[in-house]
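What follows is the residue order along each chain.
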Amino acid sequence: MNILSVTAEIFPLVKTGGLADVAGSLPKALKAHGIHTRSLVPGYPGVMQGLRDASPITEYDCLFGERAALLAGRADGLELFVLDAPAFFDRPGAPYTDKYGHEYADNWKRFAALSCVASQIARGLLPNWQPDVIHAHDWHSALSLVYLKYSGDNGVPRVLTVHNLAFQGQFPAHCFPELGLPNEAYSIDALEYYGDVGYLKGGLQAADAITVVSPTYAREIMSPAFGMGLEGVMNARHADVIGIVNGIDTEVWDPSSDCNIENHYSARTPLRRLPNRQALLNLFGLQNVCGPVFASVNRLTWQKGMDLLAEVADEIVKGGGALVVIGQGDPEIERAFLELSRRFPQRIGVKIGYDERLAHKIHAGADAMLVPSRFEPCGLTQLYALRYGCVPVVARTGGLSETIIDANDAALHAHVATGIQFSPIDAHELRHALRRTFKLYRRRREWEGLRRQGMKTDCSWHRSAARYAELYGELLSPDIRLAGSA
Ligand SMILES: Nc1ncnc2c1ncn2[C@@H]1O[C@H](COP(=O)(O)OP(=O)(O)O[C@H]2O[C@H](CO)[C@@H](O)[C@H](O)[C@H]2O)[C@@H](O)[C@H]1O
């Protein structure tokens, strides 16, 4: 079976968050199910530099006003189609924003171009390769399903994965005539969204199946509190929505061979982990502490609850622990953490920025990973933490509630606990979760049990890749296709 995956990010070539990790690792996992994935990505500088054996497929003199070429090639075990459109993607800033952090004004056009090319591939642009299913990720490529639907449905099933409903690709209505879609596509059943154009909304309406990245999030987004304005659409598409928890790339995230850390270890050799803790404290210039070293590797945003963490971080100092933070985002939250590191220079270390290597060192050295998200479709940081023996302390929401087993008495007694959960998600309960962590950390046997159990947890794609394979198979079965289009 052939899958065309369409994504704006793919690890290790271009990454701003979890989308890249999933888009990069799922194709590898699907191979075990006899599924061959080729991913269409924008030709950002990082992609063009990493691309090997590139060969041209077709050229465009005027793709949304710009010259472009579609290339096929490989990089890091991935099979890629690359939309080489320098006017759109060869820019010095981040994938969606300029160097000042402002969204590019032509994002609507950049990702419409990517999506338009995706739909052409699905319609048979290549003489020797035809996808059986098109699988788009998030708003950036959601329009590919709309293009495909309105170009005369060719029977290729359309799957959309929503990694985070908060990002929707909403643009002014005056963009619509330039998208090259028929007028009927600007309707409430398609792209029209509160008088604007909604790329994610259009994709949700055009998809045959919608996946979100955990079953809990699939339930949560049916309500206004999590639906972000799309709860009506999600409810209308309820029968076609499924939640599939993300897996992780267990080769990239493997403490027994990770080239980013100095001291390799495994669940069987936990003592070998200890020098990584000291190395981490040294790296951030922190003193050794008797209590746990807490960490956070996260966007510094309201979604991630990082304002809550800044508010209660003094509890960590009071309790005799330390805190290391790496992240970037909301300037006010960045300032709050920098202020904390000035107030407690020996106990709280903060790095504003994005650093993949440092993220690995933090997972390998810290004792507890804090993930106090207000909502979290799945979350990957807590999965990396489990694998690295860093006990996750998480808010009970979305995928966090499904992937971590709270260390309550029964779970501890049954030796199944893997972390600590808290709810409701506010500063008071986060403070309480920190106190619970301190207590457990002092009960060394229980703490080591938690850590060990976490490291034994299967966070790989094993089960979830099988779910995707099953979904693709169902969509290709004629009976189910008929039922779906009724
Ligand atoms: N400063 C920094 N330096 C280095 N690495 C950093 C970093 N800040 C974050 N990261 C890394 O970026 C990734 C973040 O992934 P998450 O899944 O935790 O959240 P994100 O909101 O990006 O993803 C969305 O999509 C994913 C994938 O489906 C869902 O799991 C999630 O819930 C949803 O919000 C992780 O690999 C993390 O280690």
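Placed above this text is the structure.
These remarks concern the structure in this document. (Residues numbered from 1 in each chain as written. Predicted model: local features only at pLDDT ≥ 70, side-chain atom pairs only at ≥ 80, totals over all residues. Heavy atoms only, no water.)

Topic: the overall build of the protein chain
No. 1: Along the protein chain, the regular secondary structure elements total 20 helices and 18 strands.
No. 2: Taking 23 Å as the expected radius of gyration for a compact globule of 486 residues, we find that the protein chain reaches 23 Å, a close match to that expectation.
No. 3: Principal axes of the C-alpha set define a box for the protein chain whose edges measure 65 × 45 × 45 Å.
No. 4: Put simply, of all contacts in the protein chain between residues at least 6 apart along the chain, 70% involve residues at least 24 apart.
No. 5: Within the structure as shown, the protein chain displays about 19600 Å² of accessible surface, and the carbon and sulfur contribution to it stands at 52%.
No. 6: Side chains of the protein chain give 48 positive and 53 negative charges; the mean places of these two sets differ by 8 Å. (Helix = DSSP H or I, 4+ residues; strand = E, 2+ residues; numbered from the N terminus. Rg over C-alpha atoms; globule rule 2.2 N^0.38 Å. Contact = heavy atoms within 4.5 Å. Areas by Shrake-Rupley, 256 points an atom, 1.4 Å probe, with all protein chains shown as cover. Lys, Arg positive; Asp, Glu negative; His and termini not counted. Charge placed at Lys NZ, Arg CZ, Asp CG, Glu CD.)

Observations regarding the sheet that holds strand β17 (residues 391-395)
No. 1: Taking strand neighbours across the sheet as the criterion, the six strands line up as β15-β14-β13-β16-β17-β18 in an open arrangement whose pairing is parallel. For this open sheet the edge positions go to β15 (348-352) and β18 (420-422), each flanked by a neighbour on one side alone. Here the average twist between neighbouring strands, direction ignored, is 15°.
No. 2: Sheet contacts for helix α17 (residues 427-442): β13 (293-297), β16 (368-371), β17 and β18; angle to β18, the most-contacted strand, approximately 160°. (Pairing = 2+ DSSP bridges. Axes fitted to C-alpha atoms, helices over the stretch in contact; angles between N-to-C directions.)

Focus on the side chain of Asn-246
No. 1: Position of Asn-246 relative to the elements: it lies in the loop between β12 (241-243) and α10 (274-283).
No. 2: Relative accessible area serves as the criterion here: at 7%, Asn-246 is assigned to the buried category.
No. 3: Once residues lying within four places of it in the same chain are set aside, the contact partners of Asn-246 are Val-22, Val-213, Cys-378, Leu-380, Leu-383 and Trp-461. (Buried < 20%, exposed > 50% of the residue type's maximum accessible area, 1.4 Å probe, protein only.)

Some details on the pairing of β15
Looking along a regular strand, one sees side chains alternate from face to face of the sheet.
No. 1: Bridge count between strand β14 (residues 322-327) and β15: five bridges; the pairing is parallel. Note on β15: the bridge partner recorded for Gly-327 is Ile-352.
No. 2: Taken together, β14, helix α12 (residues 331-343) and β15 constitute a β-α-β crossover, and its handedness is right-handed. (Right-handed = clockwise from strand over helix to strand, strands pointing away.)

Some words on the site of the ligand
No. 1: Taken together, 29 residues lie near the ligand, and Asp-21, His-163, Arg-299, Glu-376 and Gly-379 sit nearest.
No. 2: Leu-380 is positioned with one of its backbone polar atoms (N or O) 3.1 Å from an oxygen atom of the ligand.
No. 3: Isolated, the ligand exposes 720 Å² of accessible area, and the fraction of that covered by the protein chains is 96%.
No. 4: Among the secondary structure elements, those contributing two or more residues to the shell around the ligand are α1 (18-31), β14, α13 (356-365) and α14 (381-387).
No. 5: Residues of the shell around the ligand, tallied by class, amount to eleven nonpolar, eleven polar and seven charged.
No. 6: Each of domain 1 (2-247 + 462-485) and domain 2 (270-456) gives at least three residues to the shell around the ligand. (Near = heavy atom within 4 Å. Polar contact = N/O pair within 3.5 Å; in protein donor to acceptor, adjacent residues only side chain to side chain. Nonpolar A, V, L, I, M, F, W, Y, C, P; charged D, E, K, R; others polar. Domains from an automatic or database assignment.)

With respect to empty space enclosed by the protein
No. 1: Counted according to the given criterion, the structure contains three cavities of 30 Å³ or more.
No. 2: A volume near 90 Å³ is recorded for the largest cavity.
No. 3: Around the largest cavity, the lining residues are Phe-11, Pro-12, Lys-15, Asp-21, Gly-24, Ser-25, Lys-28, Asp-249, Val-252, Trp-253, Glu-356 and Tyr-384.
No. 4: The element contributing the most residues to the lining of the largest cavity is α1, with four residues.
No. 5: A breakdown of the residues in the lining of the largest cavity according to their chemical character gives five nonpolar, two polar and five charged.
No. 6: Each pocket or cavity is described by its volume, and for the second largest cavity that value is around 60 Å³.
No. 7: Lining the second largest cavity, in full, are Pro-27, Lys-28, Lys-31, Ile-35, His-36, Thr-37, Gly-77, Leu-78 and Glu-79.
No. 8: Among the secondary structure elements, those contributing two or more residues to the lining of the second largest cavity are α1, β2 (36-42) and β5 (78-84).
No. 9: Ranked by the residues each element gives to the lining of the second largest cavity, the list is headed by α1, at three residues.
No. 10: A class-by-class count of the residues in the lining of the second largest cavity yields three nonpolar, three polar and three charged. (1 Å grid on protein atoms, 1.4 Å probe; cavity = no way out; pocket = protein on both sides within 12 Å on 5 of 7 lines; lining within 4 Å. Points joined across faces, edges and corners; volume = space filled by probe spheres on them.)

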